[in-house]
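Next come the chains, spelled out residue by residue.
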Amino acid sequence: MIDAQLLKTAYLWTPAALLHNTGTHVENLKRAETLRPEKIRSELAQNVIYEEPGNHDALTWVHTVHPREYTEWVERVCAKGGGLLDEGDTHVCPTSMQAALGAVDAALAAADRVMSGAARNAFCAIRPPGHHALIDRAMGFCIFATISILARYLQRKHNIKKVAIVDFDVHHGNGTQDIFYEDPSVLVVSMQQYPLWPMSGLPDETGDGPGEGFTINIAVPPGTSEDAQLAMFEDVALPALRKFAPELLLISAGFDAHRDDPLADLNLTEAGYEQMTRQLMDIAADHCGQRIISLLEGGYQLDHLHSCVIAHVNTLATHRNPGQVAK
Ligand SMILES: [Zn+2]
């Protein structure tokens with residue numbers, strides 16, 4: 001019998017996150033600074049353990065999703081001193097490639113911790129984010145599709161067959177959706193404000209070919225109350241996840257649906273993120289041996305990014321599903 005008090009949550013943060021210097025851009029170094037273990041430790045539960053990323057050959061795993069031509073091009077732009085990777089808003093500096101690889105490395109290290117049983121779940125406080133990156137194109141502050149690379153790593157290195165990705169960032173996880181659109185082994189459930197950039201993620205986007213039915217979208221109108229949004233999550237996301245019965249649950253944890261975030265118009269609070277986290281943990285307890293790996297995506301109001309991460313990680317560390325209580 002496992003003593004529930006000994007269950008650990010791994011918190012991964014890497015100094016590589018500080019190598020992606022975007023100046024005064026909204027997705028900037030301060031996001032990583034505010035989540036440094038030494039800044040957040042006193043507010044996190046006792047059973048959170050602080051882990052260093054490993055020494056994975058991250059680039060090899062990046063190539064399970066992105067073609068070599070794309071990663072070489074990113075490298076060239078960085079080597080020339082940086083610039084814009086897309087027509088929009090994805091800037092890089094000379095060391096951004098190392099930062100993006102560092103984020104992947106942290107995610108893979110989290111996978112190893114959770115799969116070895118050293119932690120029952122993990123949160124990676126990483127940047128740049130990844131869920132908008134397409135197979136051969138940067139997009140929306142994202143260089144590499146970190147959560148998709150993590151899903152492939154779990155499948156190929158750890159023999160996990162069915163992975164579910166839940167994305168509650170306020171923007172549609174369009175990159176993740178594209179990568180797995182025809183793949184029934186990865187269920188992608190994304191909840192976003194609609195309309196909002198990138199203007200995709202409607203409920204009729206459901207997957208294609210063998211992947212038909214394995215993409216689920218929840219489009220939340222701007223101004224929706226927290227209660228109404230949480231009810232949509234409960235009504236659509238949770239039954240789909242239970243039906244799929246994943247072996248491991250991944251979260252694209254963006255905190256920009258918070259009511260004070262400057263980039264969108266939804267009304268979640270720290271309590272709402274805690275509720276969704278508990279619900280996902282209950283599903284993970286029933287289907288995944290409790291295994292959850294959560295990766296930071298967006299969240300741009302620094303005080304609330306900090307408090308939402310604390311709420312999410314403390315829930316991951318302390319919530320006990322009904323079967324565990326009183327053991
Ligand atoms: Zn976002």
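Placed above this text is the structure.
Bear in mind the structure is a predicted one, so any value in this text is a computation, not a measurement.

How each quantity is defined
Residues numbered from 1 in each chain as written. Predicted model: local features only at pLDDT ≥ 70, side-chain atom pairs only at ≥ 80, totals over all residues. Heavy atoms only, no water. Disulfide = S-S within 2.5 Å. Buried < 20%, exposed > 50% of the residue type's maximum accessible area, 1.4 Å probe, protein only. Helix = DSSP H or I, 4+ residues; strand = E, 2+ residues; numbered from the N terminus. Contact = heavy atoms within 4.5 Å. Donors = N, O, S within 2.8 Å, 3.2 Å for Na, K, Ca; no water. Tetrahedral: all angles 85-135°; square planar, octahedral: opposite > 155°, others 65-115°. Pairing = 2+ DSSP bridges. Axes fitted to C-alpha atoms, helices over the stretch in contact; angles between N-to-C directions.

**Re the state of the cysteines**
Logical step 1: Taken as a whole and assessed by the stated rule, the structure comprises zero disulfides.
Logical step 2: Note on Cys-78: no disulfide assigned, nearest cysteine sulfur contributed by Cys-93 at a separation of 6.8 Å.
Logical step 3: Since its relative accessible area comes to 2%, Cys-78 is described here as buried.
Logical step 4: With no disulfide of its own, Cys-288 has Cys-124 as its nearest cysteine by sulfur position, at a separation of 17 Å.

**With respect to the environment of Leu-268**
Logical step 1: Within the fold, Leu-268 resides in the loop between β9 (248-253) and α9 (270-287).
Logical step 2: With a relative accessible area of 0%, Leu-268 lands in the buried category.
Logical step 3: Sequence spacing of Leu-268 and His-258 is ten residues, and the spatial spacing of their C-alpha atoms is 4.5 Å.
Logical step 4: Apart from the residues lying within four places of it in its own chain, the contact partners of Leu-268 are Glu-226, Gln-229, Leu-230, Ala-257, His-258, Arg-259, Tyr-273 and Met-276.

**Re unusual backbone geometry**
Keep in mind that most residues, glycine aside, have a negative phi and that most peptide bonds are trans.
Logical step 1: For the bond running from Arg-127 to Pro-128, omega is -5°, close enough to zero to count as cis.
Logical step 2: Along the polypeptide, Pro-128 turns up in the loop between β5 (121-124) and α6 (146-157).
Logical step 3: With an omega of 0°, the peptide bond between Tyr-194 and Pro-195 qualifies as cis.
Logical step 4: Within the secondary structure layout, Pro-195 lies in the loop between β7 (186-193) and β8 (215-220).
Logical step 5: Phi at Met-199 takes a positive value of approximately 60°, unusual for a residue other than glycine.
Logical step 6: As for its position among the elements, Met-199 is in the loop between β7 and β8.
Logical step 7: Its identity as a non-glycine residue notwithstanding, Gln-290 has a phi of 75°, on the positive side.

**Quick word on the coordination of the zinc ion**
Logical step 1: Summarising the metal site, the zinc ion is bound by the protein donors Asp-169 (OD), Asp-169 (OD), His-171 (ND1) and Asp-256 (OD), whose distances to it range over 2.0 to 2.8 Å.
Logical step 2: Angles of 51 to 154° at the metal separate the four donor atoms of the zinc ion, which places the site in the irregular class.
Logical step 3: Donor residues binding the zinc ion come from one chain and are separated in sequence as D-x1-H-x84-D. One end of the pair, Asp-169, is in the loop between β6 (163-167) and α7 (174-179); the other, Asp-256, is in the loop between β9 and α9, and 87 residues separate them in sequence.
Logical step 4: Of the residues examined, Asp-169 reaches a relative accessible area of 1% and is grouped as buried.

**Quick word on the sheet that holds β7**
Logical step 1: Judged by pairing direction, the sheet is parallel, and its eight strands sit side by side in the order β2-β1-β5-β10-β9-β6-β7-β8 without closing on themselves. Strands at the two margins of the open sheet, each flanked by one partner only, are β2 (48-51) and β8. Direction aside, neighbouring strands of the sheet carry axes that sit 15° apart on average.
Logical step 2: Here four bridges tie strand β1 (residues 9-12) to β5, and the two strands are oriented parallel to one another. Residue pairing in the sheet places Ala-10 in a bridge with Ala-122 of β5.
Logical step 3: Together, β1, β2, β5, β9 and β10 (292-296) form the strand contacts of helix α5 (residues 96-116), whose direction differs from that of β5 by roughly 170°.
Logical step 4: Each of β6, β7, β9 and β10 is contacted by α6, which is oriented at about 170° to β9, the strand it contacts most.

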